[in-house]
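Breakdown of the fold
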Amino acid sequence: MKLSARFLPSLALLVSLVIFNIYIYQLQPNANPNLTNVYFLNVGQGDATYIRTADQYNIVIDTGPSPKVSNLLNQLIPVWDRDIDLLILTHPHADHIGGASQIIDQFPIRNILLTEVDYESQLYSSLLENITRHDIKTTYALAGSNFNIGESVVKVLSPTPDILSDSDLNNTSIANLYSYHDFDIMFTGDISTKVEEVIIKNYQIPETEILKVGHHGSNTSSSEAFISYLQPKYAVISVGQNNRYNHPTESVVARFINAVIELLRTDINSNIHFSTDGSSFKLIN
Ligand SMILES: [Zn+2]
């Protein structure tokens with residue numbers, strides 16, 4: 001049977017894809033592919049967020065402290081669309097770029113957004129070499145630039161050229177507003193209140209649904225002025241259990257509670273999943 005032998009490999013591929021897809025949907029029973037799904041990933045002491053848009057784009061913002069993040073992404077990114085359209089690395093500290101090389105090795109990356117800072121670490125130089133090796137289109141973030149990814153917009157609010165030369169690397173983080181129609185998330189990396197003030201002064205922000213809390217809930221960040229400027233419905237702290245920095249600071253946690261903002265933490269809630277149609281949104285788990 002010459003003909004069936006020819007189609008046998010395709011049939012085997014089809015069957016394995018069907019089985020694999022069932023496996024994925026068992027892991028993600030609540031992920032409606034017609035909505036934009038946002039996952040704040042439980043990566044321990046660090047930050048990593050994955051956004052799968054309703055119009056089928058993949059965005060990753062920071063990659064946690066270790067290559068383990070790629071296991072989580074492998075469970076979430078659809079097997080038929082593994083291209084990461086935009087990878088944002090807010091700043092080169094290990095708790096934000098620890099899994100980046102692994103992700104670059106495992107997924108095709110269309111664009112990477114970095115900061116143009118001088119920072120020396122073995123992890124960061126080997127990451128930069130890996131980016132060059134994979135010939136990934138690299139853009140350096142500056143306040144004022146916008147990136148359109150299908151129906152989503154990533155608006156960079158910081159760093160300004162001034163802030164880029166700040167001696168505290170945390171302050172050079174890419175702060176950006178992710179918007180899918182009327183749904184907005186503020187990502188702040190590890191910026192301090194000093195940079196929050198610059199953002200407040202320079203930008204009028206629409207009503208923000210979610211704030212990814214700056215610097216893992218440290219008291220260097222999340223001033224009352226910044227919280228009342230954004231008025232988020234949810235605040236998400238990405239933090240490791242019993243971390244050695246004692247993040248988050250109690251007074252920062254109290255600030256959100258006093259402002260009646262629902263606070264979620266990856267050390268308590270594990271992976272945090274929201275979905276939105278661009279006008280309303282909900283917490284899935
Ligand atoms: Zn950090």
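No experiment lies behind these values; they were computed from the predicted model shown.

1. Focus: the overall build of the chain
The secondary structure content of the chain amounts to ten helices and 15 strands. The buried share of the chain, taken over its 285 residues, is 45%. A sequence separation of at least 24 residues applies to 68% of the contacts in the chain between residues at least 6 apart.

2. Observations concerning the sheet that holds strand 7 (residues 146-149)
Across the sheet, seven strands lie side by side as 7-8-9-10-11-12-13; this open sheet has mixed pairing. For this open sheet the edge positions go to strand 7 and strand 13 (262-265), each flanked by a neighbour on one side alone. Direction aside, the axes of adjacent strands within the sheet are offset by 20° on average. The pairing of strand 7 with strand 8 (residues 152-158) spans four bridges and is antiparallel. Note that in strand 8 the partner of Asn146 across the bridge is Lys155. Packed on one face of the sheet, helix 7 (residues 193-202) meets strand 8 and strand 9 (175-180) and runs near 115° to strand 8.

3. A short note on helix 2 (residues 69-76)
Along helix 2, the positions that sit buried rather than exposed are Val69, Ser70 and Leu73. Mapping the buried residues of helix 2 onto a view down its axis gives an arc of 90°, with all of them on the same face.

4. Let's talk about the environment of Tyr140
Along the chain, Tyr140 turns up in strand 6 (residues 137-140). For Tyr140, a count of 13 C-beta atoms within 10 Å gives the class partly exposed. With 28 residues separating them along the chain, Tyr140 and Ile112 place their C-alpha atoms 8.5 Å apart.

5. Things to note about the sheet that holds strand 3 (residues 58-63)
Sheet architecture is open: eight strands sit in the order 6-5-4-3-2-1-14-15, paired in mixed fashion. The strands lining the two open edges of the sheet, one partner per strand, are strand 6 and strand 15 (281-283). Neighbour to neighbour, the strand axes of the sheet diverge by 15° on average, direction disregarded. Taken together, the three bridges between strand 3 and strand 4 (residues 86-88) define a ladder with parallel strand orientation. In the strand pairing of strand 4, Ile59 is matched with Leu86. Across the sheet, helix 2 lies against strand 1 (36-40), strand 2 (48-52) and strand 3, angled at about 15° from strand 2, the strand it touches most.

6. Topic: the nonpolar core
With 64 residues, the main nonpolar core has Leu87, Ala235 and Val236 as its most contacted residues. Those residues in contact with Val236, other than ones at most four positions away along the chain, are Phe40, Ile210, Lys212, Val213, Leu264 and Ile272.

7. Things to note about helix 5 (residues 122-133)
Its twelve residues place the ends of helix 5 16 Å apart at the C-alpha level, agreeing with the 16 Å of an ideal helix rising 1.5 Å per residue. The first or second residue beyond helix 5 is Asp135, which carries a positive phi of 55°.

8. Looking at the pairing of strand 5 (residues 111-114)
The pairing of strand 4 with strand 5 spans two bridges and is classified as parallel. Across the sheet, the residue bridging to Leu87 is Ile112, located in strand 5. Pairing between strand 5 and strand 6: four bridges, direction parallel. Following the sheet pairing, Leu113 is matched in strand 6 by Thr139. Considered for its hand, the β-α-β crossover made up of strand 5, helix 5 and strand 6 is right-handed.

9. Observations concerning unusual backbone geometry
The omega torsion across Ser158 and Pro159 is 10°, close enough to zero to call that bond cis. Summarising the element assignment, Pro159 is placed in the loop between strand 8 and helix 6 (161-164). His247 connects to Pro248 through a cis peptide bond whose omega is -5°. Assignment of secondary structure puts Pro248 in the loop between strand 12 (234-237) and helix 9 (250-258). Here the phi dihedral of Asp62 falls at roughly 65°; this positive angle occurs in a residue that is not glycine. Locating Asp62 in the fold gives a position in strand 3. Asp62 sits in the buried class, given 31 other C-beta atoms within 10 Å. You will see that Gln231, though not glycine, has its phi angle at about 45°, which is positive. What makes Gln231 partly exposed here is the crowd of 13 C-beta atoms within 10 Å.

The rules behind these values
- Per chain, the residues get numbers from 1 upward, laid out in the order the sequence is written.
- Local features in this predicted model are restricted to residues whose pLDDT is 70 or higher, and side-chain atom pairs enter the listing and the counts only when it is 80 or higher, whereas totals over whole chains, interfaces and linings include all residues.
- Counting from the N terminus, the helices are DSSP H or I runs at least four residues long and the strands are E runs at least two residues long.
- Counting other C-beta atoms within 10 Å of a residue's C-beta gives its exposure: the residue is buried at 20 or more, exposed at 12 or fewer, and partly exposed in between, where C-beta atoms are placed from the backbone.
- Note on contacts: each residue gets a C-beta atom placed from the backbone, and two residues are in contact if those atoms are within 7 Å.
- Pairing between strands is defined by DSSP: at least two bridges between them are needed.
- To obtain each axis, a line is fitted to C-alpha atoms, and for helices this fit is confined to the stretch in contact; angles are then taken between N-to-C directions over 0 to 180 degrees.
- Working definition: the arc comes from the directions between the helix axis and the C-beta atoms, pointing outward to the latter.
- The term nonpolar core means buried Ala, Val, Leu, Ile, Met, Phe, Trp, Tyr and Cys residues held together as one set by C-beta atoms within 7 Å.
- Between the first and last residue of a helix there are one fewer steps than residues, each counted as 1.5 Å, and that sum is the expected span.
- Viewed with both strands pointing away, a crossover whose connecting path from the first strand over the helix to the second turns clockwise is right-handed.

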